[in-house]
Amino acid sequence: MTQQVKRAFKYRFYPTDEQAVELSRTFGCVRLVYNKALQERTRAWYGEQRRISYVQSSAALTQWKKTEELAFLTEVSSVPLQQALRHLQTAFAGFFAKRAKYPRYKSRKKSRASAEYTRSAFTWRDGQLTLAKMAGPLDIRWSRPLPEGSEPTTVTVSRDAAGRWYVSLLCEDTIQPAPATSSAVGIDAGITSLVTLSTGEKIANPKHERRDRARLARAQRELSWKAKGSANREKARRRVAKVHARITDRRRDFLHKLSTRLVRENQTVVIEDLTVRNLLKNGRLARAISDASWTELRLMLEYKCAWYGRELVVIDRFFPSSKLCGTCGKVAARLPLHVREWTCGCGAVHDRDVNAARNILAAGLAASACGDGVRPQRESSRTGRSSMKQETQRATAGIPRL
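In this text, all values refer to a predicted model and were calculated from it rather than measured experimentally.

**Q** Would you take a moment to explain the UniProt feature "domain: Transposase putative helix-turn-helix" (unreviewed entry) in the chain for this structure?
**A** Here, the residues flagged by UniProt with the feature "domain: Transposase putative helix-turn-helix" (unreviewed entry) are residues 1-48. The distance from the first to the last C-alpha atom of residues 1-48 is 52 Å, and the span holds 67% helix and 23% strand.

**Q** Could you clarify how one ought to interpret the pattern of salt bridges in this entry?
**A** Pairing between side chains of opposite charge can happen when the charged atoms of each approach one another. Per the counting criterion, the structure on display carries 28 salt bridges. A salt bridge links Lys 202 to Asp 351, with the nearest nitrogen and oxygen atoms 2.9 Å apart. Of this pair, Lys 202 sits in strand β10 (residues 202-204) while Asp 351 sits in strand β14 (residues 349-351), and the two are 149 residues apart along the sequence. Looking at Asp 351, the relative accessible area reads 28%, which means it is partly exposed. For Lys 257, the salt bridge identified is with Asp 253, shortest N-O distance 3.2 Å. Taken together, the residues span about one helical turn, with Lys 257 and Asp 253 both in helix α6 (residues 231-265) at a distance of 4 residues. One connected set of salt bridges, linked through shared partners, spans Asp 160, Arg 164, Asp 249, Arg 252 and Glu 296.

**Q** Please explain the packing of aromatic side chains as it appears in this structure.
**A** Working definition: an aromatic ring pair is given by the centre-to-centre distance plus the angle between the planes. Tallied over the entire structure, the rule returns 12 aromatic pairs. Put simply, the rings of Trp 45, Tyr 46, Phe 92, Phe 95, Phe 96 and Tyr 102 touch in pairs and so form one group of aromatic residues. One residue, Lys 10, lies across the ring of Tyr 166, its end atom 4.8 Å from the ring centre. Arg 51 extends its terminal NZ or CZ atom over the ring of Phe 96, reaching a point 3.7 Å from the ring centre.

**Q** Got a minute to help me understand helix α5 (residues 213-225) in this structure?
**A** In an α-helix there are 3.6 residues to a turn, and that puts residues three or four apart on one side. The first and last C-alpha atoms of α5 sit 19 Å apart over 13 residues, in line with the 18 Å expected at 1.5 Å per residue. Residues of α5 that are buried sit in contact with α4 (208-211) and α6.

**Q** Which parts of the structure should I look at to understand the environment of Ala 363?
**A** With respect to the helices, strands and loops of the structure, Ala 363 is situated in helix α10 (residues 352-370). We classify Ala 363 as buried; its relative accessible area is 14%. Ala 363 sits 101 residues away from Leu 262 along the chain, and the two C-alpha atoms are 18 Å apart. The contact partners of Ala 363, leaving out residues within four places of it in the chain, are Ile 315 and Phe 319.

**Q** Sorry if this is basic, but what is going on with the packing of helix α2 (residues 54-66) against helix α3 (residues 78-96) here?
**A** Between two packed helices, what matters for the description is the angle formed by their axes and the separation of those axes. For the pair α2 and α3, interaxial distance at closest approach is 10 Å and the crossing angle is 145°. In this structure, α2 crosses over α3, and the sense of that crossing is right-handed. Contacts from Tyr 54, Ser 57, Ser 58, Leu 61 and Lys 65 in α2 reach Ser 78, Leu 81, Gln 82, Leu 85, Arg 86 and Gln 89 in α3. In terms of residue class, the contact of α2 with α3 is made up of 4 nonpolar, 5 polar and 2 charged.

**Q** Would you take a moment to explain the pairing of strand β8 (residues 184-189) for this structure?
**A** Walk down a regular strand and you will see the side chains alternate between the two sheet faces. In this sheet, strand β11 (residues 268-272) lies alongside β8 in parallel orientation, the contact comprising 3 bridges. Residue pairing in the sheet places Ala 184 in a bridge with Thr 268 of β11. Pairing of β8 with strand β9 (residues 193-197) involves 3 bridges; the strand directions are antiparallel. Within β9, the residue paired with Asp 188 across the bridge is Thr 196.

**Q** Looking at this model, I keep getting lost on the nonpolar core. Mind explaining?
**A** As a rule of thumb, soluble globular proteins bury nonpolar side chains together. In this structure, Leu 129 and Leu 131 are the most contacted members of the largest nonpolar core, which totals 42 residues. In this structure Leu 129 touches Phe 122, Thr 123, Trp 124, Pro 137, Leu 138, Ile 140, Val 155, Val 167 and Leu 169, once residues within four positions along its chain are discounted. Ranked by size, the runner-up nonpolar core spans 26 residues in total, among them Leu 258, Leu 301, Tyr 303 and Cys 305.

**Q** It is not clear to me how the pairing of strand β6 (residues 154-159) should be interpreted in this structure. Could you clarify?
**A** Among the 6 residues that make up β6, 5 are buried, leaving the element largely enclosed by the rest of the structure. Sheet topology note: the strand β2 (residues 113-118)/β6 ladder contains 6 bridges and is antiparallel. Bridge assignment links Thr 118 to a residue of β6, and that residue is Thr 154. Sheet topology note: the β6/strand β7 (residues 165-175) ladder contains 6 bridges and is antiparallel. Among the inter-strand pairings, Thr 156 is bridged to a residue of β7, identified as Ser 168.

**Q** Would you explain the UniProt feature "domain: Probable transposase IS891/IS1136/IS1341" (unreviewed entry) in the chain in this entry?
**A** On the UniProt side, "domain: Probable transposase IS891/IS1136/IS1341" (unreviewed entry) is annotated at positions that read residues 173-282 here. As a span, residues 173-282 carries 51% helix and 20% strand, and end to end its C-alpha atoms are 42 Å apart.

**Q** Any chance you could explain a positive patch on the surface here in plain terms?
**A** A surface patch of positive charge is lined by Arg 211, Arg 215, Arg 218, Arg 221 and Arg 250. Broken down by element, the positive patch gets its largest block of residues, 3 residues, from α5. Tracing the chain through its elements places Arg 218 in helix α5. Accessibility expressed as a relative area gives 41% for Arg 218, which makes it partly exposed.

**Q** What exactly am I supposed to notice about unusual backbone geometry here?
**A** Excluding glycine, residues mostly carry a negative phi; peptide bonds, for their part, are mostly trans. Here Asp 126, not a glycine, exhibits a phi torsion of approximately 55°, which is positive. Within the fold, Asp 126 resides in the loop between β3 (122-125) and β4 (128-131). Relative accessible area serves as the criterion here: at 76%, Asp 126 is assigned to the exposed category. Phi at Lys 133 is positive, roughly 70°, even though this residue is not glycine. Secondary-structure assignment places Lys 133 in the loop between β4 and β5 (140-141).

Basis of the calculations
- Residues numbered from 1 in each chain as written.
- Predicted model: local features only at pLDDT ≥ 70, side-chain atom pairs only at ≥ 80, totals over all residues.
- Heavy atoms only, no water.
- UniProt positions renumbered as here; feature names shortened; annotations may be inferred.
- Helix = DSSP H or I, 4+ residues; strand = E, 2+ residues; numbered from the N terminus.
- Salt bridge = Lys/Arg side-chain N within 4 Å of Asp/Glu carboxyl O.
- Buried < 20%, exposed > 50% of the residue type's maximum accessible area, 1.4 Å probe, protein only.
- Phe/Tyr/Trp six-rings, centres within 6.5 Å; stacked < 30°, edge-to-face > 60°.
- Lys NZ or Arg CZ within 6 Å of the ring centre and 35° of its normal.
- Expected span 1.5 Å × (residues − 1).
- Contact = heavy atoms within 4.5 Å.
- Axes fitted to C-alpha atoms, helices over the stretch in contact; angles between N-to-C directions.
- Left-handed = near helix turned anticlockwise from the far one by under 90°.
- Nonpolar A, V, L, I, M, F, W, Y, C, P; charged D, E, K, R; others polar.
- Pairing = 2+ DSSP bridges.
- Core = buried A, V, L, I, M, F, W, Y, C linked by side-chain atoms within 4.5 Å.
- Patch = residues over 30% accessible without salt bridge, like charges linked within 9 Å, V, L, I, M, F, W, Y side chains within 5 Å.
- Areas by Shrake-Rupley, 256 points an atom, 1.4 Å probe, with all protein chains shown as cover.
- Lys, Arg positive; Asp, Glu negative; His and termini not counted.
- Charge placed at Lys NZ, Arg CZ, Asp CG, Glu CD.

What follows is the structure in structure tokens.
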């Protein structure tokens, strides 16, 4: 059954000098309004235990524009400034609902330079996009077509650290479900092999950051030699950012291709609920884990399964997938990370990763069949007694904001 979804289509564009100046000014004003509104909300909350609403922030913005100090805010489109206040309101809603931490100020050097335009602040005519306060359309490289008959409802313009300009168009799109299949796959994430499938296939980790590590180190070394505030330092900083952008682009492209293949070939995809944040505390493996980007792969699997009518099952993070013998069901007492192949007492010889992927698949199918699943026993760290309380979790994927 087809479904209508909000989908963002991102393209690179090349602004004229006038457009670049206008957009840079808009980015600065958006950051200023966000930070000033956050400052006022913080003062009211911690000083008076009083919440400031979006309507009150919007009224304050109107007053700011009338002052001599902030009169320059009237020179840019008002819509991106209002959208900045809406984003701040969303951040505070998440904070008060205990879903997120307290909102942070936007740094000029570290925060993402972007501005969001709603339908009243841009013109879409004959496949050309013209933003408010601009005389001509943007020079966009249309790497793929927009959905037929669909027009953008929201436009987000951004500039990354490497100086590349992007425009993201939010449109209504019709998603066709993928043809049904009886295949199911369990996925074990790793470092040497990025993922190992329950079919026995191992997909090598491209290690994009490691491949460009020498180039990145050289660019960072040259940056450290430049005088702070000089034009040469800015050029060197841009070179470092380009190396990082190259690594990020290659990694994302590989993960998109991998996740699309897994979703197309299988009706059910089973993964582990890994706590990557805790794993990154391992100083020896943190860099390799970050390069593998398991979290991004999971997010891709989630929304693609939701789009194409697939089922994504997430089993409990404490499920002993590696130590569990897939033949007799016995759990090994100890299995160090360097042991890649082990022999069970029943005589079965297991490849650590393949065995884990097959156990993950079996647990996921059991959880999917009955709606939940109990993980096998594991030893308690305090009492040594077995615990069977935690259950494997079934995840219904949601569509992320792109």
